[in-house]
Amino acid sequence: MEFLSSICPPEILCQILVGLSRMTILFIVASGLTLILGVLRIPNIAHGSLYMIGAFVAFSVSKWFGGGTTGFWMAVVLAPFAVALLSLVVERGIFAHLYEREHLMLLLLTFSFALILGDLVKVVWGGEYRTVQLPGSFKGPIPVESLPIPIYNIFLVIIGPFVALGLWFFTNKTKIGKISRAAAVDREMVGAVGINVSWVFAIVFVIGCFLAGMGGALVSPIVNITLGMDHTLIMEAFLIVIMGGLGNVWGALLGALIFGLTQSLGILIWPQFGIVFPYAAAVTVLLFRPTGLLKSTW
Amino acid sequence: MLSVNGIHTFYGLSHILFDVSLTVSQGEIVGLLGRNGAGKSTTMRSIMGLTPPRQGTITFKAEPITRQKAFLLVRRGIAYVPDDRRVFADLSVDDNLEITFRRNEDWNKERVYDLFPVLGEIKSRRGGNLSGGEQQMLAVGRALMSSPELLLLDEPTEGLAPLIVRDLEKQILKLRETGISILLSEQNVKSALKLISRVYVIDNGRIRFEGSLADFEANEEIKKKYLMI
């Protein structure tokens, strides 16, 4: 720690760690969004709603198991699967029949889903603020110099690379991942080599939504779980995806890194207008790289 | 083996194929010859279910396959090599072969690399970084991975250097020896005539000639009128 504080003032180090933990959540959600956008060509506005449902399910699961360490871990594990199951039903029931439609039509359809899911959350969980109790081992800060850094944020920073590694493994080392990369570029030809593209799409859609649910579950102990939490996130996630290059998972990582760090460091530079910095960064990136930082699959 | 009976195919409102009929028997290479825009590729796409015909029927091994999805046709034993190859640019040569559906163990990567040794030497290279000839070999190899009984080869020599065309012709003849039936669409008549045993000539979406290789060779009028040779 002394070495780090010698090269970087502790308050900046603290903000970088906060930014990196924010990046993890944004990356997990945006990577799912970009995966779906790249392979299925669906701009899924309802992705934010699935993130919100992930957080609410995490709350219910945690409560069901009596909170504490068990409740937290069960919530983090089960909530993404619950969201994945919901998305599988929606994909097989509705999206599977509409892939050939125009993007605008799909955009409007996912928007309608965002509204429906928002109301569903209101019916099931009501409009009150909820929160997931952090387990004792994650409570409290680790002091760096005189500034405390929450342990949970460090946990999130550690989780991020594992999710990235998992996605790398999926897209590069598994057959279904390779097929999904091929389908992102030429879905007709994937069908013409004997692959049932419809099921490939279903699997990718479910994985993408699983990531939204995972993001919601992981964020649930550090935010107020409430209606509307999807709105801000979906805007940020889309901006990250556009900044990184549509459909590029590594682009999402890069975009989330820029977004997370500019957000947390911006507060240090100009506290009243800290929120502006990530958006200014996005504008700057798009001015110089209109199609995003990395190669777009579109 | 394959029987196309009076198909009419449209792109939107444009009527492209008019009453096209053709057959391919077990183990033969049949040529579908015609100029650019004559309807060769549309015929191939219609058979493969990518641009399904609005009228007419297609049967494969006496079973109807009209308007079936492409992936189901591959599983029945039909493989397709498009004229623009369409190898998966982002995947390696090895992965291009690996992701293909395999009906049985007749063909595998090693057998494809035996047929096209060049591919074996560049198996980790990305499909998008291959030369035209290498891409063509990969497209054929990828189609063979499904162990097809019928191969739809759409203009395999298009854009290739003469030396590579000669190599490819040899491989196609080797494939015939394995018992695979081939429907070969070509503009390059000179190359096609070395491979095929029967000929269909297509022009403006209509079959204008149907006959043996000898009949075709003797028919100067057809060659001049529809193929400009």
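Residue numbers here run from 1 along each chain, matching the order of that chain's written sequence. Chains carry letters from A onward and ligands carry numbers from 1 onward, assigned in written order. Note on the predicted model: pLDDT of at least 70 is required for a residue's local features to be given, and 80 or more for side-chain atom pairs to be given and counted; whole-chain, interface and lining totals, by contrast, use all residues.

1. Quick notes on the sheet that holds strand S10 (residues 206-212) of chain B
Strand pairing in a sheet relies on backbone hydrogen bonds, with the paired strands running either antiparallel or parallel. Residues and elements named next belong to chain B. For two strands to pair, DSSP has to find at least two bridges joining them. Secondary structure is summarised from DSSP: a helix means a run of H or I of at least four residues, a strand means a run of E of at least two, and numbering begins at the N terminus for each. Strand order in the open sheet made by the six strands is S6-S7-S8-S3-S9-S10, with mixed pairing throughout. At either margin of the open sheet sits one strand with a lone partner, and together these are strand S6 (78-81) and S10. Taken over all neighbouring pairs, the strand axes of this sheet differ in orientation by 15 degrees on average, direction set aside. Pairing geometry for strand S3 (residues 29-33) and strand S8 (residues 181-186), over five bridges, is parallel. Under this scheme, a helix contributes an axis fitted over its contacting stretch, all axes are lines through C-alpha atoms, and angles between N-to-C directions fall in the 0 to 180 degree range.

2. Focus on the nonpolar core
Grouped together as the largest cluster of nonpolar side chains are 159 residues, with contacts concentrated most on Val29(A) and Leu152(B). Looking at this core, the element that brings in the most residues is helix H2 (residues 10-40) of chain A, giving 18 residues. Each residue gets a C-beta atom placed from its backbone, and two residues are in contact if those atoms lie within 7 Å. Beyond its immediate sequence surroundings of up to four residues, Leu152(B) is in contact with Met44(B), Ile47(B), Met48(B), Ile78(B), Ala79(B), Tyr80(B), Val81(B) and Leu183(B). We call a set of buried Ala, Val, Leu, Ile, Met, Phe, Trp, Tyr and Cys residues a nonpolar core when their C-beta atoms link them within 7 Å. Counting other C-beta atoms within 10 Å of a residue's C-beta gives its exposure: the residue is buried at 20 or more, exposed at 12 or fewer, and partly exposed in between, where C-beta atoms are placed from the backbone.

3. A look at the interface of chain A and chain B
Taken together, the 15 residues of chain A in the interface contact 20 residues of chain B. Secondary-structure elements contributing two or more residues to the side of chain A that touches chain B are helix H7 (175-185) and helix H8 (187-191) of chain A. Ranked by residue count, the leading element in the side of chain A that touches chain B is H7(A), at six residues. Residues are grouped as follows: nonpolar covers Ala, Val, Leu, Ile, Met, Phe, Trp, Tyr, Cys and Pro; charged covers Asp, Glu, Lys and Arg; every other residue, Gly included, is treated as polar. When the residues that make up the side of chain A that touches chain B are grouped by side-chain class, the tally is seven nonpolar, three polar and five charged.

4. As for unusual backbone geometry
Backbone geometry at Lys61(B) places phi at a positive 50 degrees, although glycine is not the residue there. On the basis of neighbour count, Lys61(B) is assigned to the partly exposed category, with 14 C-beta atoms found within 10 Å.

5. Here we look at the environment of Thr57(B)
Residues and elements named next belong to chain B. Within the secondary structure, Thr-57 sits in strand S4 (residues 55-60). On the basis of neighbour count, Thr-57 is assigned to the partly exposed category, with 15 C-beta atoms found within 10 Å. Measuring from C-alpha to C-alpha, the distance between Thr-57 and Ile-47 comes to 9.5 Å, with 10 residues separating the pair along the chain. With sequence-adjacent residues up to four places away left out, Thr-57 is seen in contact with Asn-5, Pro-64 and Thr-66.

6. Observations regarding the pairing of S6(B)
Residue and element names in this part refer to chain B. With burial as the criterion, each face of S6 is covered, one bearing Ile-78 and Tyr-80 and the other bearing Ala-79 and Val-81. Note that S6 and strand S7 (residues 150-154) share four bridges and pair parallel. Across the sheet, the residue bridging to Val-81 is Leu-153, located in S7.

7. Remarks on the sheet that holds strand S5 (residues 63-64) of chain B
Residue and element names in this part refer to chain B. Across the sheet, four strands lie side by side as S2-S1-S4-S5; this open sheet has antiparallel pairing. Each edge of the open sheet is held by one strand with a lone partner, namely strand S2 (14-24) and S5. Bridge count for strand S1 (residues 2-11) against S4 is five bridges, and the pairing is antiparallel. Each residue of the ladder has a partner; that of Leu-2, found in S4, is Phe-60. In the packing of helix H1 (residues 40-47) onto the sheet, the strands contacted are S1, S2 and S4, and the crossing angle to S2 comes to about 70 degrees.

8. Some points on the packing of helix H3 (residues 47-64) of chain A against helix H9 (residues 197-219) of chain A
Residue and element names in this part refer to chain A. Where H3 meets H9, the axes come as close as 7 Å, and the angle between the chain directions of the two elements is 50 degrees. Relative to H9, the element H3 is oriented oblique. Considering only the axes of H3 and H9, their crossing is right-handed. Every residue of H9 that contacts H3 at His-47, Leu-50, Tyr-51, Met-52, Ile-53, Gly-54, Ala-55 and Ala-58 is listed here: Cys-209, Ala-212, Gly-213, Met-214, Gly-215, Gly-216, Ala-217 and Val-219. Within the contact of H3 with H9, the residues separate by chemical class into 11 nonpolar, five polar and no charged. Roughly parallel covers angles under 35 degrees, roughly antiparallel covers those over 145, roughly perpendicular covers 65 to 115, and oblique covers all other angles. Note on convention: near helix rotated counterclockwise from far helix by under a right angle means a left-handed crossing. Clockwise means right-handed.

9. Observations concerning the confidence of the model for chain B
As a per-residue measure, pLDDT tells how confident the predictor is, with possible values from 0 to 100. Averaged over every residue, the pLDDT of chain B is 91; the share at 70 or more is 100%. Reported confidences for the modelled complex are a pTM of 0.88 and an ipTM of 0.90.

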